[in-house]
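Spelled out from the first residue to the last, the chains are:
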Amino acid sequence: MPSFFGGLIGHPLRTTIFAGKFLAFTHLFLEYGWSTAPAAGPSMLPTFEMLGEWLLVSRLHRFGRGVEVGDLVAYNIPINDQVGVKRILGLPGDYVLLDTPGSGSNAMIQVPQGHCWIVGDNLPASRDSRLFGPVPLALIRGKVIGKIKPFHFHWIRNPLKRVDEPSEA
Amino acid sequence: MAPPCQSFPAKDLPSAVQTTPTGKLRKTDDGKRINLDRCDLMKLFQYECAIKHPDVPNSPIQCWPVQRLFRRCQDRNGKFMVETTAWEGTGTGTGAEDMTQSALPGLSRAGTDRRIQDP
């Protein structure tokens with residue numbers, strides 16, 4: 001290693017090219033591979049805490065590729081410039097409730113082509129498809145596949161299961 | 001922006017699930033109509049969370065589960081999901097709803113009535 005980095009010292013051009021390659025590779029990895037993002041806010045309680053958790057996001061699932069109902073996704077919020085995390089409840093052609101279960105409204109829609117229906121896990125404190133409607137799949141940044149806490153990591157699994165299957169707990 | 005979507009009441013689900021978003025008629029592999037009662041019944045929990053004592057600092061957060069039900073159906077083009085939270089047990093199915101109700105007591109309208117307290 002000393003000879004490798006030693007080869008860079010005093011060679012500005014070589015150093016610049018090396019730095020450029022490093023940045024390009026990092027960009028490639030974070031944009032098309034895997035990235036992390038902090039989770040904050042009350043909309044995904046109790047799945048995620050208000051503060052102090054980081055999420056592992058698979059960018060291989062960008063634009064909603066391969067996601068299923070029940071998966072968590074990171075997406076570009078259509079009404080501001082932030083990134084949010086919500087649960088997918090409907091994909092193109094699926095049928096979903098327009099409002100919160102138990103709200104008294106039984107109105108439903110079919111999710112249009114190229115869109116998905118996303119709802120936060122903490123129903124009263126989440127701004128999601130119930131507010132802004134179906135979200136274009138192009139706004140999906142990736143699927144949330146893990147939760148990172150200091151000195152602790154665990155995978156996130158899709159909780160949707162058959163009613164006759166025994167529950168995990 | 002999403003295209004305009006026509007909303008419909010949950011009781012119309014059995015007829016609404018017969019068409020794709022492009023307006024084509026769905027058919028099963030053997031050329032039949034989609035029968036919601038025959039599709040796999042799935043469940044998922046979301047929550048209603050609130051701070052236990054909002055006036056006390058560091059008060060714990062309490063969450064009550066809200067069950068959402070889905071039917072995973074299949075047509076010639078593959079699987080699709082139908083949320084049936086507001087439909088299960090309403091009796092607008094095509095014949096097998098009695099079976100559903102007896103097999104799943106209390107599952108219908110779980111989001112409104114059944115609030116189990118989470119620790």
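Small disclaimer: the values here were computed from a predicted structure and weren't measured.

J.: Describe the overall build of chain B, with residues and values.
T.: Assigned secondary structure in chain B consists of 3 helices and 4 strands. The order of α-helices and β-strands along chain B, N terminus first, is β-α-β-β-β-α-α. Looking at chain B residue by residue over its 119 residues, the buried ones come to 43%. Across chain B, the fraction of contacts at a sequence separation of at least 24, relative to all contacts at a separation of at least 6, is 49%.

J.: Please set out the UniProt feature "active site" (unreviewed entry) in chain A residue by residue, giving values where relevant.
T.: Residue and element names in this part refer to chain A. With numbering aligned to this structure, UniProt lists the feature "active site" (unreviewed entry) at Ser43 and Lys86. Considering the C-alpha atoms alone, the annotated residues occupy 44 residues of sequence yet fold into one spot, their largest mutual distance being 8.2 Å. Restricting the annotated residues just mentioned to those that line the second largest pocket leaves Ser43 and Lys86. Structurally, the position occupied by Ser43 is in the loop between β1 (34-39) and β2 (53-58). If sequence neighbours within four positions are ignored, Ser43 has contacts with Val85, Lys86, Gly120, Asp121, Asn122, Ala125 and Ser126. Polar side-chain contacts of Ser43 include one of 3.0 Å to the side chain of Lys86. Here Lys86 is to be found in strand β4 (residues 83-90). For Lys86, a relative accessible area of 5% translates into the label buried. When near neighbours in sequence (up to four residues on either side) are disregarded, Lys86 contacts Ser43, Met44, Asp71, Leu72, Val73, Tyr75, Ile118, Val119, Gly120, Ser126, Arg127 and Asp128.

J.: Report on the state of the cysteines, specifying residues and quantitative values.
T.: Residue and element names in this part refer to chain B. Per the stated rule, a full pass over the model turns up 2 disulfides over all chains. Covalent S-S linkage joins Cys39 and Cys73, the inter-sulfur distance amounting to 2.1 Å. Handedness here is read from the sign of the S-S torsion; for Cys39 and Cys73, about 110°, the answer is right-handed. Here Cys39 is found in the loop between α1 (13-16) and β2 (40-51), whereas its partner Cys73 is found in strand β3 (residues 61-75), with 34 residues between them in sequence. In terms of burial, Cys39 and Cys73 fall into one category: buried. In this model Cys49 forms its disulfide with Cys63; the gap between the sulfur atoms is 2.1 Å.

J.: Please give an account of the UniProt feature "domain: Peptidase S26" (unreviewed entry) in chain A that cites residues and values.
T.: Residues and elements named next belong to chain A. According to UniProt, the positions carrying the feature "domain: Peptidase S26" (unreviewed entry) are residues 27-96 and 110-144. Along residues 27-96 one finds 9% helix and 39% strand; the C-alpha atoms at either end are 36 Å apart. Between the C-alpha atoms that bound residues 110-144 the distance is 25 Å, and the span itself is 11% helix and 37% strand.

J.: So what's going on with the pairing of β2 of chain B? Which residues, and what values?
T.: Examined bridge by bridge, strand β11 (residues 161-162) of chain A and β2 of chain B share 2 bridges and lie antiparallel to one another. Each bridged residue has a counterpart across the sheet, and for Lys161 of chain A the counterpart in β2 of chain B is Lys43 of chain B.

J.: Describe the layout of surface pockets, listing the residues and the values that go with them.
T.: Residue and element names in this part refer to chain A. By volume, the second largest pocket is sized at about 420 Å³. What lines the second largest pocket is a set of 24 residues, and nearest its centre among them are Ala40, Ser43, Val83, Gly84 and Val85. At the level of elements, β1, β3 (72-76) and β4 are the ones that each hand at least two residues to the lining of the second largest pocket. Take the lining of the second largest pocket: its biggest share by element is 4 residues, from β4. By residue class, the composition of the lining of the second largest pocket is 16 nonpolar, 5 polar and 3 charged.

J.: Describe the pattern of salt bridges, listing the residues and the values that go with them.
T.: Proximity of charged atoms lets side chains of opposite charge pair with each other. A full pass over the atoms with the stated rule returns 15 salt bridges over all chains. Among the salt bridges present, the one from Lys149 of chain A reaches Glu49 of chain A, with a minimum N-O distance of 3.3 Å. Of this pair, Lys149 of chain A sits in strand β9 (residues 140-149) while Glu49 of chain A sits in the loop between β1 and β2; the two residues are 100 residues apart in sequence, bridging distant segments of the chain. Taking relative accessible area as the criterion, Lys149 of chain A reaches 28% and is therefore assigned partly exposed. Notably, a salt bridge pairs Arg26 of chain B with Asp75 of chain B, separated by 2.9 Å at the nearest N-O pair. Within this pair, whereas Arg26 of chain B is found in the loop between α1 and β2, its partner Asp75 of chain B is found in strand β3, the two being separated by 49 residues in sequence. Asp75 of chain B shares its class with Arg26 of chain B; the two are buried. A single network of salt bridges, built from pairs that share partners, joins Glu49, Glu53, Lys147 and Lys149 of chain A.

Conventions used here
The numbers attached to residues start from 1 for each chain and follow its sequence in the written order. Just so you know, chain letters begin at A and ligand numbers begin at 1, following the order they were written in. Local features in a predicted model are, by the rule used here, given only for residues with pLDDT of at least 70; side-chain atom pairs are given and counted only at 80 or more, and totals for whole chains, interfaces and linings are based on all residues. Each side-chain value is derived from all of the structure's non-hydrogen atoms; neither hydrogens nor water enter the calculation. Secondary structure elements follow DSSP: runs of H or I of four or more residues count as helices, runs of E of two or more count as strands, with numbering from the N terminus. Using a 1.4 Å probe on the protein chains alone, a residue whose accessible area is under 20% of its type maximum counts as buried, one over 50% counts as exposed, and one in between counts as partly exposed. Only heavy atoms matter for contacts: two residues are in contact if any of them lie within 4.5 Å across the pair. UniProt positions are given in the numbering used here, feature names are shortened, and annotations may be inferred rather than shown by experiment. Points on a 1 Å grid over protein atoms alone make up a cavity when a 1.4 Å probe fits among them but cannot get out, and a pocket when they form an open set with protein on both sides within 12 Å along at least five of seven lines; lining residues each have an atom within 4 Å of a point. Polar contact is defined as a pair of N or O atoms within 3.5 Å, subject to the rule that within protein one atom must be able to donate a hydrogen and the other to accept it, and that residues adjacent in sequence are counted only when both atoms are side-chain atoms. For the purposes of this analysis, a disulfide is any pair of cysteine sulfur atoms at a distance within 2.5 Å. Here, strands pair whenever DSSP counts at least two bridges between them. Grid points are joined across faces, edges and corners, and a volume is the space filled by probe spheres set on the points. Following the grouping adopted for this structure description, the nonpolar residues are Ala, Val, Leu, Ile, Met, Phe, Trp, Tyr, Cys and Pro, the charged ones are Asp, Glu, Lys and Arg, and the polar ones are all others, Gly among them. Should a side-chain nitrogen of Lys or Arg be within 4 Å of a carboxyl oxygen of Asp or Glu, the pair is scored as a salt bridge.

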